[in-house]
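Structure assessment
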Amino acid sequence: MSQPATSSIPDDALSAATEQVRRAAQDKAKRPSIAGFFDEATNTVTYVAHDPASGEAAIIDSVLDYDAAAGRTSHGSAELIVEYVKANDLTVTWLIETHAHADHISGAPYLQEKLGGKLSIGREIIQVQDVFGKLFNAGTDFERDGSQFDHLFTDGETFKLGEIEGIPLHVPGHTPADYAFIIGDAAFVGDTIFMPDFGTARADFPGGDARQLYRSIQRLLSLPGETRLFLCHDYKAPGRDEYAWETTVRQQREENVHVKQGTSEDEFVAMRTQRDSTLSMPELIMPSVQVNIRGGHLPEPEENGVSYIKIPVNTL
């Protein structure tokens, strides 16, 4: 098997993120306070990260409750976030999506209405909009330029929560638009990687790429070992009875069952490709993708005032 691909090209964004984590490790004031809210229906964790000094907060990967059988939405999960933000007197600056999720619908528009903040995602969402816009035959009225979001992050761009530093890293492979958001010493990594006993994300969605995913994970695991990793999902690996969603770079390097140290790129790609071939599509992929590429907004109502979710037959 070949060894992991290496590059002599400097990774300035990764270097900046590394220095940010080191500064936060040395100064508690540069570390965010983090609360996780687990939605068992979709196995999704929503995070509220905030600067304790200023109260400025980011909400990451929120959930809109959706009853697929009835086609009805509700806001129980989002209301838990609203209550937490208000109880702690926080000011929401950012509503961040790590990618366009295929397993749950974003609650960001509802939270923005209640709490404010800029709805944001990585700029590569434009590629995902183009691919899925065609798949769902969204028509010319559907803009494929990211304009449904208030801000499109780029790799290495900097932002702040109060005085706490933030930087996004582009980590494609699961989808073309996945980002990890490093806030202080904490990395919110979306679906790229799971708990060490569960492994890594699938790479068989349109635009996914197992080789690219491996390289993205290596990028993340080049951060300092003490970097805290906060995961978007957990499914309780065999033998584990409790849900878990926080780990570290060091623990992932040493223990991840799919990609720990010593796993070559070719070995990972072979494993990931074989494993993905056995997986069913997520139950909510049809509504989730159609809504999330629109920034969490439902498709425009038709002439009868009703929004509809399309289901392409024999396509995915």
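Please refer to the structure placed before this passage.
Residues numbered from 1 in each chain as written. Predicted model: local features only at pLDDT ≥ 70, side-chain atom pairs only at ≥ 80, totals over all residues. Heavy atoms only, no water.

1. Structural notes on the overall build of the protein
Put simply, the rule is: By definition, any uninterrupted DSSP run of H or I lasting at least four residues is a helix, any uninterrupted run of E lasting at least two residues is a strand, and each is numbered from the N terminus. The cut-offs for exposure are 20% and 50% of the maximum accessible area for each residue type, with area from a 1.4 Å probe on protein chains only; residues under the lower value are buried, those over the upper are exposed, and the others partly exposed. The contact criterion used throughout is that any non-hydrogen atoms of two residues lie within 4.5 Å. Using a 1.4 Å probe, the Shrake-Rupley method yields the accessible areas, and only the shown protein chains count as cover for residues. When charges are counted, neither His nor the chain ends are considered; positive counts come from Lys and Arg and negative counts from Asp and Glu. Working definition for charges: the position is that of NZ of Lys, CZ of Arg, CG of Asp or CD of Glu.
If you tally the helices and strands in the protein, you get eight helices and 14 strands. Buried positions account for 52% of the 316 residues belonging to the protein. By sequence separation, contacts in the protein at least 24 residues apart represent 67% of the contacts at least 6 residues apart. Per element, the accessible surface of the protein, about 14200 Å² overall, is 47% carbon and sulfur. Across the protein, the mean location of the 27 positive side-chain charges is 4 Å away from that of the 48 negative side-chain charges.

2. As for helix α7 (residues 265-276)
What counts is decided by this rule: A helix is expected to span 1.5 Å for every residue after the first. In this description, one arc is meant: the one made by directions from the helix axis to the C-beta atoms.
The end-to-end C-alpha separation of α7 is 16 Å, in line with the 16 Å expected for twelve residues at 1.5 Å each. Where α7 is concerned, the buried positions are E265, F268, V269, R272 and D276. The buried residues of α7 occupy one face: seen down the axis, they fall within an arc of 100 degrees. Close packing links the buried residues of α7 with α5 (210-220).

3. Looking at helix α2 (residues 76-87)
Between its terminal C-alpha atoms α2 stretches 16 Å, which fits the 16 Å expected from twelve residues at 1.5 Å a residue. For α2, the full list of buried residues reads S77, A78, I81, V82, Y84 and V85. Take α2 and look down its axis: the buried residues cluster within an arc of 165 degrees, on one side only. Across from the buried face of α2, at angles greater than 90 degrees, the exposed residues are E83, K86 and A87. Contacts from the buried residues of α2 go to β1 (33-39), β2 (44-50), β3 (56-60), β4 (65-67), β6 (91-96) and α3 (108-115). D89 occupies a position one or two residues after α2 and carries a positive phi of about 55 degrees.

4. Thoughts on the packing of aromatic side chains
For clarity, the threshold we go by: Pairing of aromatic side chains here covers Phe, Tyr and the six-membered ring of Trp, requires ring centres within 6.5 Å, and sorts the geometry by plane angle: under 30 degrees stacked, over 60 edge-to-face, intermediate tilted. Two conditions define a charge sitting above a ring: the NZ of Lys or the CZ of Arg must be within 6 Å of the ring centre, and it must be within 35 degrees of the ring normal.
The final tally for this structure, using the stated rule, is 17 aromatic pairs. For the pair F37 and Y84, a centre-to-centre distance of 5.4 Å together with 75 degrees between the ring planes defines the contact as edge-to-face. Pair noted here: F37 is in strand β1 and Y84 is in helix α2, with a separation of 47 residues, a long-range link. Plain terms: the ring middles of F153 and F181 are 5.3 Å apart, the flat faces sit at 70 degrees to each other, and that makes the pair edge-to-face. Of the two residues, F153 sits in strand β8 (residues 151-153) while F181 sits in strand β11 (residues 179-183), which places them 28 residues apart along the sequence. F181 shares its class with F153; the two are buried. Aromatic ring contacts, followed pair by pair, group W94, F153, F159, Y179 and F181 into a single cluster. When the ring centre of Y243 is taken as reference, the NZ or CZ atom of K236 above it lies at 4.6 Å.

5. Considering the environment of V171
Looking at where V171 falls in the secondary structure, it is placed in the loop between β10 (164-170) and β11. The exposure class assigned to V171 is buried, which follows from its relative accessible area of 0%. Put simply, V171 and R219 are 48 residues apart on the chain and 7.8 Å apart in space, counted from C-alpha to C-alpha. If we ignore the near neighbours within four places in the chain, the residues touching V171 are D178, Y179, A180, T192, S216 and L220.

Read these as spatial facts, not as claims about activity.
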